[in-house]
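Results of the structural survey
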Amino acid sequence: MSAKGGPTITRRTALGAAAGAAAGVALGAAGARLGFGAAGGGDLGSVAAARGLTPEEAEAALRSYVPGGDLDEYLIFASGGHSGQVLVIGVPSMRLLKVIGVFTPEPWQGYGFGTDQGNRVLAEGSDPAKSLPLRWGDTHHPALSETEGDYDGRFLYINDRANGRIAMIDLRDFKTKQILDIPNLQTSHGGCFVTPNTEYVHISSMTPCPITESGYAPLSRYKEDFRGFSTWLAIDPDTGRFVLDKSFQIELPPYTQDLADAGKLASYGFGFINSYNTEMATGGNFHEGHGDPAASLESTATKNDYDLLHIIDWKKAEETVAAGGVKVLHGMKVIPLEVAADEGVLHFAPEPRNPHGVDVNPTGDYICVGGKLDPNASVYSIDKIKAAIDAQDYDGTDPFGVPILRLDSVLEAQVELGAGPLHTQFDDEGHAYTSLFVDSAIAEWTLGPKAGISEDQAFRLVEKIPVHYNIGHLVTAHGDTVAPHGRYMVALNKWSIDRFAPVGTLHPQNFQLIDLDAEPLRVLADMPIGIGEPHYVQMVALDRLDRTLRVYEPGTDPVTMRRSPHAVAAGEERVERRGREVDVYMTAMRSHFTPDVIETRQGDLLRLHITNIEQTPDATHGFAIPAYDVEASIDPGEAVAIELELSRPGSFAMYCTEFCSALHLEMQGWLLVAPA
Ligand code: CUK
Ligand code: CUA
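Remember, it's a predicted structure, so these values are computed and weren't measured experimentally. (Residues numbered from 1 in each chain as written. Chains lettered and ligands numbered in written order. Predicted model: local features only at pLDDT ≥ 70, side-chain atom pairs only at ≥ 80, totals over all residues. Heavy atoms only, no water.)

A closer look at the overall build of the protein
- If you tally the helices and strands in the protein, you get 11 helices and 45 strands.
- Taking the principal axes of the C-alpha coordinates as reference, the protein spans close to 80 × 80 × 50 Å.
- Out of the 676 residues belonging to the protein, those deemed buried represent 57%.
- For the protein, long-range pairs separated by at least 24 residues make up 62% of all intrachain contacts whose partners lie at least 6 apart in sequence.
- A total of about 26700 Å² of accessible surface is found on the protein, and carbon and sulfur atoms cover 53% of it.
- Distance between charge centroids for the protein: 4 Å, based on 53 positive and 91 negative side chains. (Helix = DSSP H or I, 4+ residues; strand = E, 2+ residues; numbered from the N terminus. Buried < 20%, exposed > 50% of the residue type's maximum accessible area, 1.4 Å probe, protein only. Contact = heavy atoms within 4.5 Å. Areas by Shrake-Rupley, 256 points an atom, 1.4 Å probe, with all protein chains shown as cover. Lys, Arg positive; Asp, Glu negative; His and termini not counted. Charge placed at Lys NZ, Arg CZ, Asp CG, Glu CD.)

What follows is the structure in structure tokens.
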């Protein structure tokens with residue numbers, strides 16, 4: 001493969017190219033060419049030899065090394081799996097830069113430990129029927145906001161697999177601003193994407209749930225009472241927040257709706273969701289006489305040869321909503337299943353049974369479905385889909401009356417890739433890359449003429465690269481957009497087995513960085529992930545994140561990004577008492593809180609309004625009152641509010657938790673709660 005232009009040609013790229021197009025080149029010679037003589041920092045060849053590295057390994061290290069003080073070219077935003085958080089990782093250095101608190105309280109960021117800001121976001125996003133606030137989530141599929149089909153660096157959305165929830169992270173400060181617990185969704189999985197202009201963020205249910213009043217229905221009524229939902233959440237273009245009253249859902253049959261992707265360019269206006277368990281299997285409680293022991297959910301859900309690719313015309317759905325073709329279910333506008341079928345909002349196409357990823361190529365012409373149990377990628381053509389819809393070229397309907405397009409009419413190609421094809425990503429040359437879970441490999445293959453590949457080269461396997469071990473997702477730079485960069489690919493491997501120093505019986509996952517400019521493709525680096533199990537990630541050029549703040553405007557509430565009503569300026573510090581209510585207006589500045597002694601009585605209601613009045617980047621102060629489980633992180637310019645019912649008397653130390661200065665340890669104080 002030829003070298004591809006990334007967003008910027010960096011010093012490292014030039015170094016990588018010079019260090020050896022031929023991997024076998026002796027590094028001693030390369031070192032000499034680069035001007036690293038013995039006097040200038042040692043001979044590279046002898047360093048490699050002393051460390052026992054082959055020339056290929058040493059070259060791989062040079063290709064991914066980012067010197068301290070230099071910046072990575074790309075960031076990847078990785079779901080943190082059961083940690084409930086989002087991981088931010090630099091590429092190509094594969095260094096972890098941040099763990100963003102999302103669905104799980106995070107003490108370093110003061111997220112969910114006493115400040116109004118974090119508590120509010122977590123509580124508003126928690127189903128009140130569950131214990132409040134929920135303490136974990138299972139982050140799965142991040143989706144960066146887009147303008148004209150490319151990442152615009154503004155917002156990041158991510159769903160919670162465990163619950164039907166979605167979060168919005170503002171990329172000005174990399175903080176979670178909103179969590180929405182979506183009506184009619186009990187769970188979600190891979191159905192999270194943005195439309196090309198962030199008109200909507202889509203999230204679908206995974207396991208269908210009862211739409212009965214009580215939320216209960218016996219499994220014998222699965223077909224009648226259980227439903228899935230495709231949710232289209234309208235986005236406020238300025239704040240990135242979800243706007244529920246402009247959002248809608250489409251009712252779906254009780255299949256398991258799984259991965260999904262947005263149409264783009266040629267397929268703009270469509271969304272695609274694949275499914276499994278169109279058999280509507282529910283398993284059985286064999287020990288109590290329900291069901292047939294031979295009919296477990298696993299075996300029944302894999303019985304049919306085909307499941308159903310859901311093809312959603314969201315422009316038609318908008319028209320249907322505007323024309324009043326909706327019912328309201330738990331506060332959400334819902335297009336009923338019959339209406340979706342009648343109005344042409346929803347069509348199905350057969351897909352080989354129990355597929356996995358569905359991914360739309362950069363031109364929007366090809367919809368690629370990973371076979372999982374089938375060794376093929378099945379490629380559907382949007383032109384053929386549109387023609388089949390217009391011609392009503394149906395192969396009957398499903399049991400709910402939704403028309404099924406004839407497979408032969410909409411399928412463009414099937415490409416045999418290997419065992420366990422899951423997810424597909426794309427580069428800028430018409431190539432697709434599909435993860436092979438069972439083979440522990442990535443298949444590189446060509447798309448067709450609409451992606452610029454000649455007829456005689458179309459839909460062919462090009463090469464396979466082994467990865468370790470059992471890859472799930474993979475990502476290329478801007479790989480979900482209309483303009484992928486190529487350059488780098490990261491494999492998200494589920495197993496690591498023997499690749500790292502043993503750390504007990506629970507092993508980390510392994511991210512592997514792959515050089516897409518190398519021929520054949522090669523792995524440059526491993527990165528163990530020891531915090532939950534990431535599913536999907538997206539990779540964006542660092543230069544797209546040009547709105548990122550270094551400090552806040554003085555007195556900013558990070559949830560609203562406006563001046564906080566709690567903001568306190570230097571010189572305005574004070575204590576106000578009205579009966580049992582005590583308001584303390586406090587500032588934090590190296591290396592003191594003003595005031596630093598708070599005198600109260602048991603039974604008082606204490607409200608702390610604290611502003612970090614620094615404007616120096618990185619001059620964050622923490623604020624902890626361990627006796628009351630309070631921990632705030634107050635970044636430069638940030639204002640927070642903390643409200644405490646002082647039920648426990650005592651003289652309690654409070655302190656700054658972030659090492660901020662030589663007198664950091666002196667940045668402490670007292671909360672005195674006199675017994676009633
Ligand atoms: S899914 Cu395919 S490996 Cu939960 Cu995106 Cu993870
Ligand atoms: Cu402020 Cu430590």
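Remarks on the packing of aromatic side chains
- Per the stated rule, a full pass over the model turns up 16 aromatic pairs.
- Ring centres of Y74 and Y488 lie 6.1 Å apart, and the angle between their planes is 80 degrees; on these two criteria the pair is classed as edge-to-face. Placement of the pair is Y74 in strand β1 (residues 74–79) and Y488 in strand β30 (residues 486–493), with a sequence separation of 414 residues. Both residues of the pair, Y74 and Y488, belong to the buried class. (Phe/Tyr/Trp six-rings, centres within 6.5 Å; stacked < 30°, edge-to-face > 60°.)

Concerning the side chain of D583
- One can find D583 in strand β37 (residues 581–589).
- Other than its neighbours up to four places away in sequence, D583 contacts R574, V575, E576, R578, R607 and H609.

Some points on the site of ligand 1
- Taken together, the neighbourhood of ligand 1 is formed by H140, H141, H189, L259, H356, H423, G472, H473, K494 and H535.
- Its residues assigned to classes, the shell around ligand 1 comprises 1 nonpolar, 8 polar and 1 charged. (Near = heavy atom within 4 Å. Nonpolar A, V, L, I, M, F, W, Y, C, P; charged D, E, K, R; others polar.)

Some points on the nonpolar core
- W232, F248, I250, I312, I335, L346 and F348 are the most contacted members of the largest nonpolar core, which totals 30 residues.
- Every element with two or more residues in this core is listed here: β11 (226–235), β12 (242–252), β13 (256–262), β15 (306–313), α8 (314–322), α9 (337–342) and β18 (346–352).
- Excluding its chain neighbours within four sequence positions, the residues that come into contact with F248 are Y200, S230, T231, W232, W314, A317, E318, V321, M332, K333 and I335.
- Residues L608, I610, I625 and L644 belong to the second largest nonpolar core, which totals 26 residues. (Core = buried A, V, L, I, M, F, W, Y, C linked by side-chain atoms within 4.5 Å.)

Observations regarding helix α10 (residues 382–390)
- For α10, the complete set of buried residues consists of I382, I385, A388 and I389. Down the axis of α10, the sector holding all buried residues measures 125 degrees, keeping them to one side.
- At the N-terminal boundary of α10, the capping side chain belongs to S381, with an oxygen 3.2 Å from the backbone nitrogen of D383. (Arc of directions from axis to C-beta. Polar contact = N/O pair within 3.5 Å; in protein donor to acceptor, adjacent residues only side chain to side chain.)

Side note on the sheet that holds strand β21 (residues 376–381)
- The strand order across the open sheet built from 4 strands is β19-β20-β21-β24, with neighbouring strands paired in antiparallel fashion. Of all the strands in the sheet, just β19 (358–360) and β24 (411–416) have a single pairing partner and so form its edges. This sheet shows a mean twist of 20 degrees between the axes of neighbouring strands, independent of strand direction.
- Note that β19 and strand β20 (residues 366–370) share 3 bridges and pair antiparallel. The residue bridging D359 from the neighbouring strand is C368, located in β20. (Pairing = 2+ DSSP bridges. Axes fitted to C-alpha atoms, helices over the stretch in contact; angles between N-to-C directions.)

Observations concerning the pairing of strand β25 (residues 421–426)
- A large share of β25 lies buried, amounting to 6 of its 6 residues.
- Bridging between β25 and strand β26 (residues 431–436) involves 4 bridges; their strand directions are antiparallel. Across the sheet, residue F426 finds its bridge partner in β26, namely A432.
- The turn joining β25 and β26, which pair antiparallel and follow one another in sequence, is formed by 4 residues; a positive phi near 80 degrees is taken by G430.

Examining the pattern of salt bridges
- For the coordinates displayed, the defined rule picks out 30 salt bridges.
- The salt bridge partner of D150 is R544, with a shortest N-O separation of 2.9 Å. A residue pair is termed long-range when its members are at least 10 positions apart, and D150 in strand β5 (residues 150–160) and R544 in the loop between β33 (537–541) and β34 (556–557) qualify at 394 residues.
- Where R574 meets E576, a salt bridge forms, and the shortest distance between an N and an O atom there is 2.8 Å.
- Taking the relative accessible area as the measure of exposure, E576 reaches 26% and is therefore partly exposed.
- Residues participating in the shared-partner salt-bridge network are R574, E576, R578, E581, D583 and R607. (Salt bridge = Lys/Arg side-chain N within 4 Å of Asp/Glu carboxyl O.)

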